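Structural characterization, general
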Amino acid sequence: MRLDPVLTIAGSDSSGGAGIQADLKTITMLRCYGMSAVTALTAQNTVGVSAIYPIPADFLTAQLKAVCEDIRPAAVKIGMVYDVPQIAAIAAVIRHYALSAVVVDPVMLSTSGDALMQQRAVSALETELFPLAQLITPNLPEAERLCGRSITDKAQMAAAAQTLSEKYQTAVLLKSGHRVGDCDDLLYMQRKSIWMPGKRCETPHTHGTGCTLSSAIVSFLARGFELEGSVRQAKKYVTQAISAGLALGHGHGPIAHNFAIIDEKRKG
């Protein structure tokens, strides 16, 4: 038996809804083999982040090399990175091993609004990691920061996605989950805009949706899907996980990554 290996490089979420934990759940549910390199330990739950313990860059490098020299990943997701040395270490490993199918989710804030990376690391993220990515997946607040302007409607989304794609020479998935109204996301690739329709689920329990979406995309890429197909399938998976109606915690609760297993048990 063979499973396509997928590497996630991200922070740990002690409550299990986002970060490494969400990624590994997603990768497993999408029939791939999950591997990880932890960038930071966080003390967090559905209410917020109370502490962050960043992993030293040399130890992060050791994790990455241990994975790449034994089980070469077919695709790589990069989520939370805390500081400039970590970013430099990740970029060096990607270049050294010529890793492909890299998706960068520029995680700047948690769902509860807590900062997850140092301010000065944003520029390093742009110059070191974005150029190595096949796709970046900013949400609207992240895109606004990267573009330096507000984004309030679909025309502005399209303009921002094009700007980011041309600036970083990569495909861009601009997520509209923070916008009032629909949940239509925009994939900009090969100089064209592709709208990904979505239906808003009225629930506060959306912790880790961005992490889940990006790890789902790399899972489908690892399995051989083209980029557009990977995004469509990933978006469908996330919508189903939200729609399952999991309700845990006192704040923004996690989504049901294992909804397929839950449905099977209910039917049984």
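To keep things clear, this report deals only with the structure shown in the data block. Not measured: the values here are computed from a predicted model. (Residues numbered from 1 in each chain as written. Predicted model: local features only at pLDDT ≥ 70, side-chain atom pairs only at ≥ 80, totals over all residues. Heavy atoms only, no water.)

1. Brief notes about the sheet that holds strand β7 (residues 171-174)
Quick note on the threshold: Between any two strands, at least two bridges found by DSSP are needed for them to pair. Going along the chain from the N terminus, every DSSP run of H or I of four or more residues is numbered as a helix, and every run of E of two or more is numbered as a strand. Whether two residues touch is decided by their heavy atoms; if any such pair falls within 4.5 Å, the residues are in contact. To define axes, lines are fitted to C-alpha atoms, for helices over the stretch in contact only, and angles between the resulting N-to-C directions are given on a 0 to 180 degree scale.
The sheet built from nine strands is open, its strands ordered β3-β2-β1-β4-β5-β6-β7-β8-β9 with mixed pairing. The open sheet has two edge strands, β3 (49-54) and β9 (192-196), and neither has a second partner. As paired strands, strand β8 (residues 185-189) and β9 are joined by five bridges and run antiparallel to one another. Bridging across to β9, Met 189 finds its partner in Lys 192. Strand contacts of helix α1 (residues 19-29): β1 (4-13), β2 (32-44) and β4 (75-78), with the helix running at about 155° to β1, the strand carrying the most contacts.

2. Here we look at unusual backbone geometry
Negative phi characterises most residues that are not glycine, and trans characterises most peptide bonds. As a reminder, the rule being used: Relative accessible area decides the class of each residue, using a 1.4 Å probe on protein chains only: under 20% of the type maximum gives buried, over 50% gives exposed, and in between gives partly exposed.
Of note in this structure, Ala 98 is not a glycine but carries a positive phi near 50°. Note on placement: Ala 98 falls in the loop between α3 (84-96) and β5 (102-104). When its relative accessible area of 54% is taken as the criterion, Ala 98 is described as exposed. In this structure, Gln 190 takes a positive phi of about 50° despite not being glycine. Structurally, Gln 190 can be placed in the loop between β8 and β9.

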